[in-house]
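Observations on chain architecture
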Amino acid sequence: MDYKELAEEAIAAKLKAVPPYSNFYVGAALLTEDGKIYLGGNIENSSYSLTVCAERVAVFKAISEGERRFKAIAIASDDPGFCPPCGACRQVLNDLCGSEIDVIMVNQKKESKILKLAELLPLPFGDSNLK
Ligand code: THU
């Protein structure tokens, strides 16, 4: 599975998002170390703050299926720029997928930009702070 394919999976996942309030469709495709993909789309709620981002839908699906080792996540949106994960998703990704995963941001033109999660979330809060 190369990252171009993973980007296509994220673009496809965007179509299943449910964003009736913002109308901003986001798709995420999370790649495990052994090559499995978990998809997510953002799911909005009439009580707006209960909305869940595409990235967290994909991560929670994977974790709840027993996955623990991840390689990358692709995020696609109709943003002409590159849609980066929000702060809450960066924290969740760091805790559950690790700071070394690649984050592939895919824009409307299917161009992509790749950063390590560690670059998006320097100095993270984590389990080591709780000991
Ligand atoms: N959203 C995501 O799904 N992922 C992001 O990385 C940024 C924002 C969603 C949340 C909400 O449904 C919509 O985009 C507008 O904020």
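The structure we're discussing is the one just above.
This report concerns the structure included in the present document. Model, not experiment: these values are computed from the prediction. Sequence order sets the numbering: in each chain, residues are counted from 1 along the sequence as written. For this predicted model, a pLDDT threshold of at least 70 governs which residues receive local features, and a threshold of 80 or more governs which side-chain atom pairs are given and counted, while totals over whole chains, interfaces and linings are taken from all residues. The side-chain quantities take in all heavy atoms of the structure and omit both hydrogens and water.

Description of the side chain of R90
A run of H or I in DSSP becomes a helix once it reaches four residues, and a run of E becomes a strand once it reaches two; helices and strands are each numbered from the N terminus. Tracing the sequence through the fold places R90 in helix α3 (residues 87–97). Although R90 is buried, it makes no salt bridge; E55 carries the closest opposite charge, 7.8 Å away. By the convention used here, residues are in contact when the closest approach between their heavy atoms is within 4.5 Å. For R90, the residues in contact, after removing those within four places along its chain, are P84, P85, L117, L120 and L121. Three labels apply to residues, based on accessible area from a 1.4 Å probe with only protein chains included: buried if under 20% of the type maximum, exposed if over 50%, partly exposed otherwise in between. Neither His nor the chain ends contribute to the count of charged residues, in which Lys and Arg are positive and Asp and Glu negative. Criterion for a salt bridge: a side-chain nitrogen of Lys or Arg within 4 Å of a carboxyl oxygen of Asp or Glu.

Topic: the site of the ligand
Throughout, the term near means that a residue has one or more heavy atoms lying within 4 Å of the molecule or strand in question. Close to the ligand lie 13 residues, the nearest being N42, E44, C53, A54 and E55. Two N or O atoms count as a polar contact when they lie within 3.5 Å, although within protein this holds only if one can serve as hydrogen donor and the other as acceptor, and sequence-adjacent residues are included solely when both atoms are side-chain atoms. Between E44 and the ligand, the recorded distance is 2.5 Å, taken from a side-chain N or O atom to an oxygen atom. A distance of 2.5 Å separates an oxygen atom of the ligand from a polar atom in the side chain of E55. Considering the ligand on its own, with 370 Å² of exposed area, one finds that the protein chains cover 79% of that surface. For the accessible areas, the method is Shrake-Rupley and the probe is 1.4 Å, while residue cover comes only from the protein chains on display.

Regarding unusual backbone geometry
You will see that N23, though not glycine, has its phi angle at about 60°, which is positive. For N23, a relative accessible area of 55% gives the class exposed. One non-glycine residue with positive phi stands out, namely L123, at about 50°. With respect to the helices, strands and loops of the structure, L123 is situated in the segment after α4 (117–120). Owing to a relative accessible area of 84%, L123 belongs among the exposed residues under this scheme.

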